[in-house]
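# Architecture at a glance
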Amino acid sequence: MPSPAAASALIPELTLRAPSSALDDTHPSVRIASLLSASRARMDERIRRRYPPSSRFADPGRTYGPPLNPGQIIRLLMWNSLRTTLFDAVATAIRRTLPQPVGTVSWYGQQEAHRVGYYDAIRRCGLVGFGGRENDLLDVQAALVGATGWWWAFERVCVMAERPSELHTEPNPGGAHGERRLHHSDRAALEYPDGAKTFVHHGTIVPEWVVLDPSAERIGRERNVEIRRCAIERIGWDAYIDAAGLTLVDRAEDPGNPGCLLELYERPGAWGPPGRILLAVNGSVERDSTRRRYGLPVPAWAPSALDAAGWTYGISGSDYSRLVRRT
């Protein structure tokens, strides 16, 4: 099928039997899931016996304690980083393209590379031997990861979907091991040959209009806070303030961010209960050497920009005015 969306629409038409429950071991999807789960448990046990967990693994930022063992290093560099990039980011976006739940176990094809790649790297590096049964299952999973997108198993039928024809990403801020997130500023970040697509703004899934045609009117009607934020970032705060006609309440120098201003505006009534917006500049430099401008919701009673900024830190405006530096 050209996309998971097309596959999920086809499955009901084929009247394929879904499992009656997660314990329905008469259904192929449940049997496959049980087979792979048991195989992973056996491989994990072999890895634990060869490389007992280090106390530092739960907190890789610690600089003391026993060093990470090879198994833990591979898990951090491969499983954790690829899961963030492929499973948490891409698979989540693909799921948004599905018109309806499939009703059975879904396998994610290439988006399962974090799991398959981890065990494959362990054996290829000769760190742990898994045995013939596990190696055979790993070979099958590696072939699926390299050849297909999402797939679903039924009696004598396997429904498989193509992989995306376009996938646009950017570095994930704060990622320590090359993690990436979906983003494209002018088009869909993820698209399939049949036109199924998802628009993503710096990792946040958004409606098409946010990327292709953002406007103050649409922002005013939007109830989702994150979608509003993304749309405003698309057109810029200055343009949005002018177009929406926001009322400036107060403006002040930011004592914790020299050379930058704090601006307090009345919040649009369509956004919900009365309140105000504090417009500030990030105290830390972004990866592209710029400083992001952002808006924070603050209470309607905040009389000044300094009081509003202090409220976000749990302190008074007078205390905030003595702040030396914020991040």
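Structure's up top.
The paragraphs below set out a description of the structure included in this document.

Analysis parameters
Residues numbered from 1 in each chain as written. Predicted model: local features only at pLDDT ≥ 70, side-chain atom pairs only at ≥ 80, totals over all residues. Heavy atoms only, no water. Helix = DSSP H or I, 4+ residues; strand = E, 2+ residues; numbered from the N terminus. Buried < 20%, exposed > 50% of the residue type's maximum accessible area, 1.4 Å probe, protein only. Contact = heavy atoms within 4.5 Å. Salt bridge = Lys/Arg side-chain N within 4 Å of Asp/Glu carboxyl O. Phe/Tyr/Trp six-rings, centres within 6.5 Å; stacked < 30°, edge-to-face > 60°. Lys NZ or Arg CZ within 6 Å of the ring centre and 35° of its normal.

The subject of this paragraph is unusual backbone geometry. The phi angle at R156 is positive, at roughly 60°, despite the residue not being glycine. Despite not being glycine, H202 shows a phi value in the positive range, around 45°. One can find H202 in the loop between strand 7 (197-201) and strand 8 (204-206).

On the secondary structure map, H114 appears in helix 4 (residues 113-124). Residue class for H114 comes out buried when judged on its relative accessible area of 0%. Sequence separation between H114 and S81 is 33 residues; the distance between their C-alpha atoms is 7.7 Å. Once residues lying within four places of it in the same chain are set aside, the contact partners of H114 are M78, W79, L82, R83 and F87.

Here the structure, examined in full by the defined rule, presents 20 salt bridges. The residue D120 makes a salt bridge to R124 at a minimum N-O spacing of 2.7 Å. Remark: R124 and D120 occur in helix 4; sequence separation between them is four residues, near one turn of the helix. Across the pair E166 and R187 runs a salt bridge whose closest N-O atoms are separated by 3.0 Å. Taken together, the positions of E166 in strand 3 (residues 166-167) and R187 in the loop between strand 5 (180-182) and strand 6 (190-191) put the pair 21 residues apart, joining distant regions of the chain. The class of R187 is partly exposed, set by a relative accessible area of 35%. Counted as one network, the salt bridges with shared partners bring together D120, R123, R124 and D139.

Right, let's talk about the packing of aromatic side chains for a bit. Going through the model one piece at a time under the given rule, you end up with 10 aromatic pairs. When the ring of W79 is compared with that of Y118, the centres are 5.5 Å apart and the planes differ by 80°; the resulting orientation is edge-to-face. One end of the pair, W79, is in helix 3 (residues 70-95); the other, Y118, is in helix 4, and 39 residues separate them in sequence. Each of the two residues, W79 as well as Y118, counts as buried. Pairwise contacts between aromatic rings join W79, Y118, Y119 and F130 into one cluster. The side chain of R75 reaches across the aromatic face of W79, ending 4.0 Å from its centre. Residue placement shows R75 over the ring face of Y118; its charged tip is 5.3 Å from the ring centre.

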